[in-house]
Amino acid sequence: MFTSYLSRVATGFALLLCLQPLLAEPLQIMTSTRPVHSLVSQLTQGVSEPALLLDGPQSPHHFQLRPSQKRKLNQANLFIYSSDQVESFARRLAQQDRELELYQLAQIEGIQRLPMRGFHQHHHDHHNDHDGETYDGHIWLSVHNAQRMANALASHFIQKDPANAHHYTHNLQSLLARLDQLKQHNRALLEPVSHQPFLVYHDAFQYFEVENQLSHASFITTSSEHSPGIRRIQQIRQQINDEQIVCVFYEPPEIPPLLRSLQEDTGIQLVPLDPLGTQIRSGSQHYFDLMSQTAQTIVNCLKQDESNHAKTRTTHKH
């Protein structure tokens, strides 16, 4: 009888061990924006599909949770976002939600964090700022940063979900190889125009500029919420004339009225460039489409600018 009891205990224990992976709570991941969702999707292929919170044109700076989004969040146990600087609403989530784990990519060790730039700074001056809270939050616009994110996220997923470690490891290797190709492709594509001056309306692209050595990029305003004053507008007009700037990039969908005015006065080209890729379909491919499209959009305008300058020089010779 005692032997029978031991046998039942052993069987029960063995059954419990078999069921343990099933009893563990699966990773229910919610991501903030399309670029973050894309990178996470690459890592979780074959395991799960992360949900996307901002799947429309809404800005993460002024985001308010709708009831349907609150329900989505309630089903998640892990929320991944880029930074408190961009997704400022994440701080409120931390106060509201009970068991939701918040994972901020900007806090990953080794992530490059560039300080916010002021107009007094020359755009060649770059240094990392790991301590202050005034860094530029658009960290995903560096492929190097995306590689750091991928490594850290894969480790986190393996720790939380060891049963699927082989999936995360395989997906990580594949993702890192693709990111390396992307970085090399963009650098080679942009190298011929890296000396060309251009303007962006909102200073959101410095990670992209630094990584691709676009040393003659400048910005009009430090934030999309701040309209430049009269003195700043005069400086911009002067800069456009002095440096013969042709390309000015703005965040779609709206063209800022100032840019329309500058276009009338100077003949500059206004070209849409979206750091979040809200016009690009969401999914695992999104990050690659966003970074490739950003590079190609800049090249298309600057090459056109360069050929116009070449024609002007030829005309002057004759």
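Residues numbered from 1 in each chain as written. Predicted model: local features only at pLDDT ≥ 70, side-chain atom pairs only at ≥ 80, totals over all residues. Heavy atoms only, no water.

J.: Kindly report on the state of the cysteines, identifying the contributing residues and their values.
T.: Tallying each qualifying case throughout the model produces 1 disulfide. Note on cysteine connectivity: Cys 247 is disulfide-linked to Cys 301, with sulfurs 2.0 Å apart. Looking along the S-S bond of the Cys 247-Cys 301 disulfide, the torsion reads about -105°, which is the left-handed sense. Of this pair, Cys 247 sits in strand S7 (residues 247-250) while Cys 301 sits in helix H10 (residues 286-317), and the two are 54 residues apart along the sequence. On the accessibility criterion, Cys 247 (0% relative accessible area) is buried. (Disulfide = S-S within 2.5 Å. Helix = DSSP H or I, 4+ residues; strand = E, 2+ residues; numbered from the N terminus. Buried < 20%, exposed > 50% of the residue type's maximum accessible area, 1.4 Å probe, protein only.)

J.: Tell me about helix H6 (residues 165-190), residues and numbers included.
T.: Along its 26 residues, H6 runs 37 Å from first to last C-alpha, staying within 8% of the 38 Å computed at 1.5 Å per residue. Among all positions in H6, only Tyr 168, Asn 171, Leu 172, Leu 175, Leu 179, Leu 182, Lys 183, Asn 186, Leu 189 and Leu 190 are buried. (Expected span 1.5 Å × (residues − 1).)

J.: Outline the sheet that holds strand S4 (residues 101-104), supporting the account with residue identities and numerical values.
T.: Adjacent strands of a sheet form backbone hydrogen bonds with each other and so pair up, either parallel or antiparallel. With respect to topology, 4 strands assemble into an open sheet ordered S2-S1-S3-S4, the strand pairing being parallel. Strands at the two margins of the open sheet, each flanked by one partner only, are strand S2 (51-52) and S4. Sheet topology places strand S1 (residues 29-31) next to strand S3 (residues 78-81); 3 bridges connect them, and they run parallel. The residue bridging Met 30 from the neighbouring strand is Phe 79, located in S3. Against the sheet, helix H2 (residues 34-44) contacts S1, S2 and S3, and its axis sits at roughly 150° relative to S1. Along the sheet, helix H5 (residues 143-160) makes contact with S1, S3 and S4, crossing S4 at roughly 160°. (Pairing = 2+ DSSP bridges. Contact = heavy atoms within 4.5 Å. Axes fitted to C-alpha atoms, helices over the stretch in contact; angles between N-to-C directions.)

J.: Go over the sheet that holds strand S6 (residues 217-221) with me, naming the residues and quoting the values.
T.: The parallel open sheet is built from 4 strands, whose spatial order is S6-S5-S7-S8. The outermost strands of the open sheet, each flanked by one partner alone, are S6 and strand S8 (269-272). Neighbouring strand axes in the sheet, compared pairwise and without regard to direction, differ in orientation by 30° on average. Contacting strand S5 (198-202) and S6, helix H8 (residues 230-243) runs over the sheet at an angle of about 150° to S6. The sheet contacts of helix H9 (residues 257-266) involve S5, S6, S7 and S8, and relative to S8 the element is tilted by about 145°.

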